Amino acid sequence: MNRSEVIQSLLPVLRDELVVCNIGLPSQELHMMGDQPSNFYMLGTMGLASSIGLGLALVQEARVVAIDGDGSVLTNLGTLPTIANNVADNFTLFIVDNGSYGSTGDQPTYAGRKTSLARVAEACGCERVVECDAGQAAEALQDALESNRMTIIVCKCDPGNIPVPVIEKHPVTIRDRFIQAVRRANG
Amino acid sequence: MSGSRKLVQDMVDAGIGFVTSVPCKQLKGVLEEIDASDRIRHVPANKEDEGMGLCAGAFLGGTRPCIIMQNTALGVTVNALATLIQYYHMPLPMLISYRGEVGEPVACQVEMAVHTKAILAQLNIQTYHFHRAQDAREFPGILRHTFMSSKPTAILTDATFWGEAQ
Ligand SMILES: [Mg+2]
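Residues numbered from 1 in each chain as written. Chains lettered and ligands numbered in written order. Predicted model: local features only at pLDDT ≥ 70, side-chain atom pairs only at ≥ 80, totals over all residues. Heavy atoms only, no water.

### What about the overall build of chain A?
Piece 1. Scanning chain A for helices and strands turns up eight helices and eight strands.
Piece 2. Computed over its C-alpha atoms, the radius of gyration of chain A comes to 15 Å, within 12% of the 16 Å expected for a compact globule of 187 residues.
Piece 3. For chain A, with 187 residues in total, the buried portion stands at 58%.
Piece 4. Here chain A has roughly 7500 Å² of accessible surface; of this, 47% comes from carbon and sulfur atoms.
Piece 5. Taking the 14 positively charged and 21 negatively charged side chains of chain A as two groups, their mean positions are separated by 4 Å. (Helix = DSSP H or I, 4+ residues; strand = E, 2+ residues; numbered from the N terminus. Rg over C-alpha atoms; globule rule 2.2 N^0.38 Å. Buried < 20%, exposed > 50% of the residue type's maximum accessible area, 1.4 Å probe, protein only. Areas by Shrake-Rupley, 256 points an atom, 1.4 Å probe, with all protein chains shown as cover. Lys, Arg positive; Asp, Glu negative; His and termini not counted. Charge placed at Lys NZ, Arg CZ, Asp CG, Glu CD.)

Now the structure itself:
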């Protein structure tokens, strides 16, 4: 399974969640397959999905899922100590680890070589770290959401991309409908 | 009231509930006041662009954010400012220690000081320079302006200001 198949498998679990999605193909795939107002698509700024997700989770009570990639976590590796030391039990960081920079043409990342992001997260102090295969992605995410504990999921999958259109929604449109979804989620 | 305490009181009065920071010794007093405040959640960041991501998330969650950082960090935040904070029209007051100005003991700090206002001007970020202690009287208005306009603003605080404001 590649990233797009993993994201496809997550859609039923993501339906009622606030989702912050990584730049590039992950956001484009999520937008194409399962657009909803509670999805915040990153149109730029590689690496900050986990930071946006944590900031959001810390200031309100609804659950937040950040969908990130191995390359983006590597580019903002400082995010893992910040997450570990500012526990938000309504936060799940789901890292799609395909061992490659998918959006730029599947150049290999160090996460696909010697570096284990799960072990990095543990070493940073993250207390609930789950590594899973692509076929277990939805189950692992469901478990994390039901655990009511902050969880880092590292989902190993194959590289490879599908043709997918760019997101043409205006950033302020994405922002405004997401803020409304956050308000609804907090009743 | 110390200059640091007044700035933090102004943040609370402006409704700021979330602060991220990467420290500078000029901002030590402000950071201590923030940690002493039970009205502000302080989440230290490891890098300033990471901090801007945290602030964006807090804003999306309905909490007014602020970032505290050194001017040298502008070099690593240009992309986050342009493609996240500005592109999505988010408010972000940036309380910045303006290192490398008169009174600076470390020569290398001057190397980014000479670019500081040029980078901010290139990004069309409204910039306020606190040089004298009384300049801080503008802070409440600057914060109101930041959230009214939903844009980032830069508040540069130099060594002369901190010399007078302690
Ligand atoms: Mg990848």
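### What about the interface of chain B and chain A?
Piece 1. With 27 residues of chain B at the interface, the matching set in chain A holds 29 residues.
Piece 2. For the pairing of chain B and chain A, the buried interface totals around 2100 Å² over both sides, and the portion due to carbon and sulfur atoms is 67%.
Piece 3. Of all residues in chain B, Glu50(B), Leu60(B) and Tyr88(B) give up the largest surface area on contact with chain A, accounting jointly for 33% of the area buried on that side.
Piece 4. On inspection of chain B and its partner chain A, the count reaches zero salt bridges.
Piece 5. Linking chain B to chain A there are seven residue pairs in polar contact (both at pLDDT 80 or more).
Piece 6. Among the elements of the structure, strand 2 (41-44), helix 3 (48-60) and helix 4 (74-86) of chain B are those that each provide at least two residues to the side of chain B that touches chain A.
Piece 7. Of the residues contributing to the side of chain B that touches chain A, the split by class is 14 nonpolar, 10 polar and three charged. (Contact = heavy atoms within 4.5 Å. Buried area = accessible area lost by both parts, 1.4 Å probe. Salt bridge = Lys/Arg side-chain N within 4 Å of Asp/Glu carboxyl O. Polar contact = N/O pair within 3.5 Å; in protein donor to acceptor, adjacent residues only side chain to side chain. Nonpolar A, V, L, I, M, F, W, Y, C, P; charged D, E, K, R; others polar.)

### Here's the deal with the coordination of the magnesium ion
Residue and element names in this part refer to chain A.
Piece 1. Protein coordination at the magnesium ion comes from Asp70 (OD), Asn98 (OD1) and Ser100 (O), with a distance range of 2.1 to 2.2 Å.
Piece 2. Between the donor residues of the magnesium ion, the gaps in sequence give the motif D-x27-N-x1-S. Residue Asp70 is found in helix 4 (residues 70-75), and its partner Ser100 is found in strand 5 (residues 100-101); the two are separated by 30 residues along the sequence. Like Ser100, Asp70 is buried. (Donors = N, O, S within 2.8 Å, 3.2 Å for Na, K, Ca; no water.)

### Observations regarding the packing of helix 1 (residues 3-13) of chain B against helix 2 (residues 28-36) of chain B
Residues and elements named next belong to chain B.
Piece 1. Contact pair helix 1 / helix 2: the axes reach a minimum separation of 8 Å and the direction vectors enclose 50°. By the angle between their axes, helix 1 is oblique relative to helix 2. Here helix 1 and helix 2 pass one another in a crossing that is right-handed. Of the residues in helix 2, those in contact with Ser4, Arg5, Leu7, Val8 and Met11 of helix 1 are Gly29, Val30, Glu33 and Ile34.
Piece 2. Partitioned by chemical class, the residues of the contact of helix 1 with helix 2 number five nonpolar, two polar and two charged. (Axes fitted to C-alpha atoms, helices over the stretch in contact; angles between N-to-C directions. Parallel < 35°, antiparallel > 145°, perpendicular 65-115°, else oblique. Left-handed = near helix turned anticlockwise from the far one by under 90°.)

### Side note on the sheet that holds strand 4 (residues 92-98) of chain B
All names here are of chain B.
Piece 1. The six strands lie next to each other as 2-1-3-4-6-5, forming an open sheet whose pairing is parallel. Only two strands of the sheet have a single partner each, and these edge strands are strand 2 and strand 5 (126-130). Averaged over all pairs of adjacent strands, the angle between their axes in this sheet comes to 20°, without regard to strand direction.
Piece 2. Examined bridge by bridge, strand 4 and strand 6 (residues 152-158) share seven bridges and lie parallel to one another. Along strand 6, the bridge assignment pairs Ile96 with Leu156. (Pairing = 2+ DSSP bridges.)

### Side note on the layout of surface pockets
Residues and elements named next belong to chain A.
Piece 1. There is about 240 Å³ of room inside the largest pocket.
Piece 2. Around the largest pocket sit 18 residues that line it, and Asn22, Ser72, Tyr101, Gly102 and Ser103 are the ones nearest its centre.
Piece 3. Those elements that place two or more of their residues in the lining of the largest pocket are strand 3 (64-69), helix 4 and strand 5.
Piece 4. No other element matches the three residues that helix 4 contributes to the lining of the largest pocket. (1 Å grid on protein atoms, 1.4 Å probe; cavity = no way out; pocket = protein on both sides within 12 Å on 5 of 7 lines; lining within 4 Å. Points joined across faces, edges and corners; volume = space filled by probe spheres on them.)

### Digging into the packing of aromatic side chains
All names here are of chain B.
Piece 1. Under the definition given, this model contains six aromatic pairs over all chains.
Piece 2. Note on Tyr87 and Tyr88: the rings are 5.9 Å apart at their centroids and 85° apart in plane angle, and the pair reads as edge-to-face.
Piece 3. According to the relative accessible area criterion, Tyr87 is partly exposed, its value standing at 41%.
Piece 4. Consider the rings of Phe130 and Phe139, whose centres lie 6.3 Å apart with planes at 85°: the pair is edge-to-face.
Piece 5. A residue is classified by how much of its surface remains accessible, and Phe130, at 1% relative accessible area, is buried. (Phe/Tyr/Trp six-rings, centres within 6.5 Å; stacked < 30°, edge-to-face > 60°.)

### Remarks on empty space enclosed by the protein
Residues and elements named next belong to chain A.
Piece 1. For the structure shown, the criterion picks out one cavity of 30 Å³ or more.
Piece 2. Of the pockets and cavities examined, the largest cavity occupies roughly 30 Å³.
Piece 3. For the lining of the largest cavity, the elements supplying multiple residues, two or more each, are strand 4 (91-97) and helix 7 (137-147).

### Some details on the pairing of strand 6 of chain B
It is a general feature of regular strands that their side chains alternate between the two faces of the sheet.
All names here are of chain B.
Piece 1. Most of strand 6 is tucked away, with seven of its seven residues classed as buried.
Piece 2. Neither face of strand 6 is open: one carries Pro152, Ala154, Leu156 and Asp158, the other Thr153, Ile155 and Thr157, and all of them are buried.
Piece 3. Taken together, the five bridges between strand 5 and strand 6 define a ladder with parallel strand orientation. Pairing of Thr127 across the sheet is with Ala154, part of strand 6.
Piece 4. Traced from strand 5 through helix 6 (residues 139-149) to strand 6, the parallel crossover comes out right-handed. (Right-handed = clockwise from strand over helix to strand, strands pointing away.)

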